[in-house]
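These are the residues of each chain, in order.
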Amino acid sequence: MDGKGSGPIERTADDILSMRVRGAGRIGRAASRALGELASDYDRGNLGNLSYDLMEAASALLSTRPTAVSLRNAIILTLSGMVSLDDPEELREDVFKRSRDFVSHSEDFVSIIGRKGAALIPDDATVLTHCNSSAALSAIYEGFRLGKVRRVINTETRPWRQGHITSRWLARNGVPVTMIVDSAVNHIMKDVDIVMVGADTITRCGDLINKIGTSQIALSAGENSVSFHTCAETYKFSPTAYAGADVTIEDRGPEEVADPLKVEDMEGVDLRNPVFDVTPARFIDSMITERGPISQEEIGILMDEIFPHGLIDHFSWL
Ligand code: RUB
């Protein structure tokens, strides 16, 4: 594809598939960075196949994880010069520049979300989070720095246990943290003041797709009158999916659910491993983006701004 055997695209696709790179923001940045590297390393004396190779690379990257719209959006925004640029040298430079901008802006967005999200945290709060979201953690860290966060409760997050990463990060940064198993959420909700989670995708009607178990947390929060917020950079909003039902939920292998050595012992058992779920918009109190909290009504306007007319259609091959 990039003529180098194990080039940036293959390496990045493998990192995402194997979960060495995970989390919607990191996945989007890694894909954009890989496309930028492919363009900048491309043989300048032989640019005839650049467009074709970029398209192949985009498809290979996109196939790694179906649920995170950040991946598709990062690819489209990085390659958007393909819509108008015919000159391959200009395209090469454009992809490299857009990749650099996407990565640096998306890192800035996480810090900005931290400040905007922290503003919603009440004083002396116990915050519950799920999985391992850089955006949600940014708000929690900032809330702690401001003296508003007393303690974080975070779920273990089966089957990959990304919550262990969250607990370690928080503890290392001096934030008091309690880790619970996922099924303890409803029991512990009476001790929680606010829930903050990340997002893999938010649809046009405001449904949230995030790590499996998020929807149960939202249900429990609603039942206990605890506010529920998602922290999401605007490139995690889907320009095409209207509702959660329009988003493909990734199913991973049964060995992640059962002990890999004992999968054979589970003969006759249907092991399923859906790794994301849909939290309906009505359970979500706010969607905190780098532009501040945005309402359901604003999503359409935002999408039209980020993805100008015709851009998504141009990438219908993806
Ligand atoms: C990670 C996950 C995170 C979102 C947001 O799932 O669900 O909540 O991706 O993360 P996985 P961030 O570990 O399966 O990728 O805010 O860092 O983008």
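Rules of the game
- Residues numbered from 1 in each chain as written.
- Predicted model: local features only at pLDDT ≥ 70, side-chain atom pairs only at ≥ 80, totals over all residues.
- Heavy atoms only, no water.
- Buried < 20%, exposed > 50% of the residue type's maximum accessible area, 1.4 Å probe, protein only.
- Helix = DSSP H or I, 4+ residues; strand = E, 2+ residues; numbered from the N terminus.
- Pairing = 2+ DSSP bridges.
- Right-handed = clockwise from strand over helix to strand, strands pointing away.
- Salt bridge = Lys/Arg side-chain N within 4 Å of Asp/Glu carboxyl O.

Asker: Provide a residue-level description of the pairing of strand 2 (residues 149–155), including the pertinent values.
Answerer: Of all seven residues in strand 2, five are buried, a share of seventy percent or more. Sheet analysis places strand 1 (residues 125–129) next to strand 2, joined by five bridges and oriented parallel. When the sheet's bridge partners are listed, Thr129 is paired in strand 2 with Asn154. Handedness of the β-α-β unit built from strand 1, helix 6 (residues 134–145) and strand 2 comes out right-handed. For strand 2 and strand 3 (residues 177–180), the ladder comprises four bridges, and the chain directions are parallel. For Thr155, the partnering residue across the bridge sits in strand 3 and is Ile180. In terms of handedness, the path from strand 2 via helix 7 (residues 162–172) over to strand 3 forms a crossover that is right-handed.

Asker: An account of the pattern of salt bridges is requested, with residue identities and associated values reported.
Answerer: Inspection of the entire model under this criterion finds 17 salt bridges. A salt bridge links Asp304 to Arg204; the nearest nitrogen and oxygen atoms lie 3.8 Å apart. Of the two residues, Asp304 is situated in helix 10 (residues 296–306) and Arg204 in the loop between strand 5 (201–202) and strand 6 (208–211); the sequence distance between them amounts to 100 residues. The class of Asp304 is exposed, set by a relative accessible area of 53%.

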